[in-house]
Amino acid sequence: MLEILKSLLFGIVEGITEWLPVSSTGHMILLDEFVQLSMSEAFKEMYLVVIQLGAILAVVLLFWKQIWPFQRKSDGTNKVLPGWIKEDIFVMWLKIVVACIPAVIIELAAGDYLEALFYNYRTVSIMLIVVGILFILVEDWNKKRTAKITSIRDITYQTAFLIGVFQLVAAVFPGTSRSGATIIGGLILGLSRQIAAEFTFYLAIPVMFGASLIKLLKFGVHYTALEAGVLAVGMISAFLVSVLVIRFLMGYIKKHDFKIFGWYRIVLGIVVLASFALFL
């Protein structure tokens, strides 16, 4: 029962931090330092990635009409014509594929090495602070500019690739925040806050499905009843919390900037560094 409650906590933290630009991976690594699941290391390594599937299903639910390109079209009669493809959504997915290329190359080439090298509290803390400062600086600079890209369809393939390069930084350094890196990149490249956030959500779908699939294949299909229960609770809680957080964030950024998340990151990074310095 205790492990189920721990998993519930992990799912809640995942659902909150996956979409707010504060680094879900960083928070999960830090939480694991204080609230450790009493499971095998192989299971925990898989679990901390796969519960993100719950979070990504919230995006699929909330943005289904914007991301599903295969829709049925009526000819004006009672007959429905199948097989109609919305071209703008199809093109959007091509751009998302382009944006994924940098991170995929690095993950396949050196993913395990980078994980062993950088997945620790020091890297997380430093990147929390550094990216927090960047958020504040970019938002101050961005106030003097007018967004050039106010629609997903206005994102070019070149811009999509450059956003993918920003995402690459998050893939290498935990604590950066994938959403934080792509949102900062989007703002620098001229995207409005809403479009930067939306494209970040859509970009997360293949990235997180791919990462989860890799971890599942590595772990295998043999689970104990406790492991299955822990994984299910983590995914379900991450899904439910993500629905609430995404709705909150999309409403919040209509009237506010991202600076508050920058300050949060800086304070958290300093607290974590101080805590580990004192108690380890």
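The structure this text deals with has already been given above.
Quick caveat, the model's predicted, so the values are computed rather than measured.

A.B. asks: So what's going on with a nonpolar patch on the surface? Residues and values would help.
C.D. replies: On the surface, a cluster of nonpolar side chains totalling about 670 Å² of accessible area is made up of W64, W68, F70, I85, F90, L94 and Y157. The residue L94 is located in helix α6 (residues 87–118) in this model. The exposure class assigned to L94 is partly exposed, which follows from its relative accessible area of 36%.

A.B. asks: Tell me about the packing of aromatic side chains, and please be specific about residues and values.
C.D. replies: In total, this model carries 13 aromatic pairs according to the counting rule given. When the centroid spacing of 5.9 Å and the interplanar angle of 25° are considered together, the rings of F43 and Y47 count as stacked. Of this pair, F43 and Y47 both sit in helix α3 (residues 41–50), four residues apart, which is roughly one turn of that helix. For the residue pair F43 and Y47, the accessibility class agrees, reading buried in each case. With 5.8 Å between their ring centres and 40° between their planes, F135 and F258 make a pair best called tilted. Of the two residues, F135 sits in helix α7 (residues 121–142) while F258 sits in the loop between α11 (225–252) and α12 (259–279), which places them 123 residues apart along the sequence. By the burial criterion, F135 is buried, and F258 matches it. One aromatic cluster in this structure is built from F10, F43, Y47, F219 and Y223. Over the ring of Y157 we find K95, and its NZ or CZ is 5.8 Å from the ring centre.

A.B. asks: Tell me about the nonpolar core, and please be specific about residues and values.
C.D. replies: Among the nonpolar cores identified, the biggest contains 62 residues, and W19, F199 and F201 are the most heavily contacted of them. Sorting elements by how many residues they give to this core places helix α10 (residues 193–219) first, with ten residues. What F201 contacts, discounting residues up to four positions off in sequence, is W19, I56, V59, F63, I246, L249 and M250.

Criteria and thresholds
- Residue positions are given per chain, counted from 1 along the sequence in the order it is written.
- With pLDDT at 70 or above as the cut-off, local features in this predicted model cover only qualifying residues; side-chain atom pairs require 80 or more to be listed or tallied, and sums for whole chains, interfaces and linings still use all residues.
- Side-chain descriptors were evaluated using all non-hydrogen atoms of the structure, hydrogens and water having been removed beforehand.
- Patch membership requires more than 30% relative accessible area and the absence of a salt bridge. Residues of like charge join within 9 Å; the nonpolar side chains Val, Leu, Ile, Met, Phe, Trp and Tyr join within 5 Å.
- The accessible surface values rely on the Shrake-Rupley method and a 1.4 Å probe; as for residues, cover is taken only from the protein chains in view.
- What makes a salt bridge here is a side-chain nitrogen of Lys or Arg within 4 Å of a carboxyl oxygen of Asp or Glu, nothing more.
- Numbering of helices and strands starts at the N terminus; helices are DSSP runs of H or I of at least 4 residues and strands are runs of E of at least 2.
- Accessibility here uses a 1.4 Å probe with only protein chains present; expressed as a share of the type maximum, an area under 20% marks a residue as buried, one over 50% as exposed, and anything in between as partly exposed.
- Any two rings among Phe, Tyr and Trp, with Trp reduced to its six-membered ring, count as a pair given centres within 6.5 Å; such a pair is stacked if its planes are under 30 degrees apart, edge-to-face if over 60, and tilted if neither.
- Charges are assigned to positions over rings by a cutoff of 6 Å between ring centre and Lys NZ or Arg CZ, combined with an angular limit of 35 degrees from the ring normal.
- The criterion is simple. A nonpolar core is a set of buried Ala, Val, Leu, Ile, Met, Phe, Trp, Tyr and Cys residues joined through side-chain atoms within 4.5 Å.
- For this analysis, residues touch if any pair of their heavy atoms sits within 4.5 Å.

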